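Architecture and fold: a report
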Amino acid sequence: MYIITKKQIIAVILILAFLISLPLGIYGTITAAAEEKIGTVVIDAGHGGVDGGVVGRTGIKESDINLSVSKILKRELEKNNIKVVMTRENKDGLYGEAVGGFKKRDMEARRDIILKSKPDLVISIHANKWISSERRGIQVFYDDTLKGEKAATVMQEILNTHLNNDEIGRNLSPQKGDYYITKCTNYVSIIIECGFLSNADDERNLISIDYQKTLARYIASGAVSILKDSFD
Ligand SMILES: [Zn+2]
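The text that follows walks through the structure, step by step, so that each part is easy to find.

Parameters at a glance
Residues numbered from 1 in each chain as written. Predicted model: local features only at pLDDT ≥ 70, side-chain atom pairs only at ≥ 80, totals over all residues. Pairing = 2+ DSSP bridges. Helix = DSSP H or I, 4+ residues; strand = E, 2+ residues; numbered from the N terminus. Contact = placed C-beta atoms within 7 Å. Axes fitted to C-alpha atoms, helices over the stretch in contact; angles between N-to-C directions. Left-handed = near helix turned anticlockwise from the far one by under 90°. Nonpolar A, V, L, I, M, F, W, Y, C, P; charged D, E, K, R; others polar. Right-handed = clockwise from strand over helix to strand, strands pointing away. Buried ≥ 20, exposed ≤ 12 C-beta atoms within 10 Å, placed from the backbone. Arc of directions from axis to C-beta.

The strand order across the open sheet formed by six strands is β2-β1-β3-β6-β4-β5, and the pairing between neighbours is mixed. The open sheet has two edge strands with one neighbour each: β2 (83-86) and β5 (175-176). Where strand β4 (residues 139-142) lies against strand β6 (residues 189-196), four bridges are found, and the strand directions are antiparallel. In the sheet register, Y142 faces β6, and the bridge partner there is I190. Here helix α3 (residues 102-117) sits on the sheet and contacts β1 (40-45), β2 and β3 (121-128); the angle it forms with β1, its principal contact strand, is near 170 degrees.

What follows is the structure, given as structure tokens:
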């Protein structure tokens, strides 16, 4: 009669445990890879609260358009495995009470969120206004750094190819600008002026949710390119 020894039982248990753990192990690796983030982006929806930013002919406030585009952009970036931190997710500003010095407090609160998030990229969403109602298009601004310029160039190219060429029939160049949000930290930061609320066509686009979705999708694709470039 064959006698099963204690050692043999332990060996069988160990082999079974190993075989069971194999597929789980592989599954675990796949899950971890799928969830691994390719970077962190801070989305800053410009203005908010008593600071509505510029106002369109229809009365639409820049702060509301910025928020709407930013929320769609958040979803688009998350689809691309990017961790997103928002400076604001509702209509309020970040200044507490709207009393003296609120703008400074608002901007400093945004800076603190950026500093805490240690992002690979900051995208500040705005809309523009100009004295001439002719002026149109999406333009990217950057601070006085090479990384900022590189990021703005990548973003501007994508927005030119997919939107400015069709909408306004030409390319726009990224612009160096002196803005608090791009200069308040050392993280790569760009401002996207999504169009001119002083122009009826741009305003009509910016009010449309379909256009906002298209715009957010291309901004997200620009962000993915910028993040990939930064790892090269
Ligand atoms: Zn603005």
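Having seen it, we continue.
A pair of packed helices is captured by two measures, namely the crossing angle of their axes and the spacing between those axes. Taken N-terminus to C-terminus, the directions of helix α4 (residues 146-168) and helix α7 (residues 209-230) make an angle of 145 degrees; their axes are 9 Å apart at the nearest point. At the point where α4 passes α7, the crossing takes the right-handed sense. Residue-level inspection shows A151, V154, M155, I158, L159, H162 and L163 of α4 in contact with α7, the latter providing L215, Y218, S221, G222, S225, I226 and D229. Residues belonging to the contact of α4 with α7 are distributed by class as follows: nine nonpolar, four polar and one charged.

Another point: the pairing of β2. With four bridges joining them, β1 and β2 adopt parallel strand pairing. Its bridge partner lying in β2, V42 is registered against V85. For the segment spanning β1, helix α2 (residues 62-79) and β2, crossover handedness is right-handed.

Turning our attention to helix α6 (residues 200-207). Among the residues of α6, those classed as buried are D202, E203, N205 and L206. Seen along its axis, α6 keeps its buried residues to an arc of 160 degrees; they face one direction. Against α2, β3, β6 and α7 lie the buried residues of α6.

On to unusual backbone geometry, then. Look at N81: it is not a glycine, yet its phi comes out positive at around 60 degrees. For N81, a count of 15 C-beta atoms within 10 Å gives the class partly exposed. Of note in the backbone geometry, K118 takes a positive phi value of approximately 45 degrees without being a glycine. In this fold, K118 is placed in the loop between α3 and β3. Residue class for K118 comes out exposed when judged on the 11 C-beta atoms lying within 10 Å of it.

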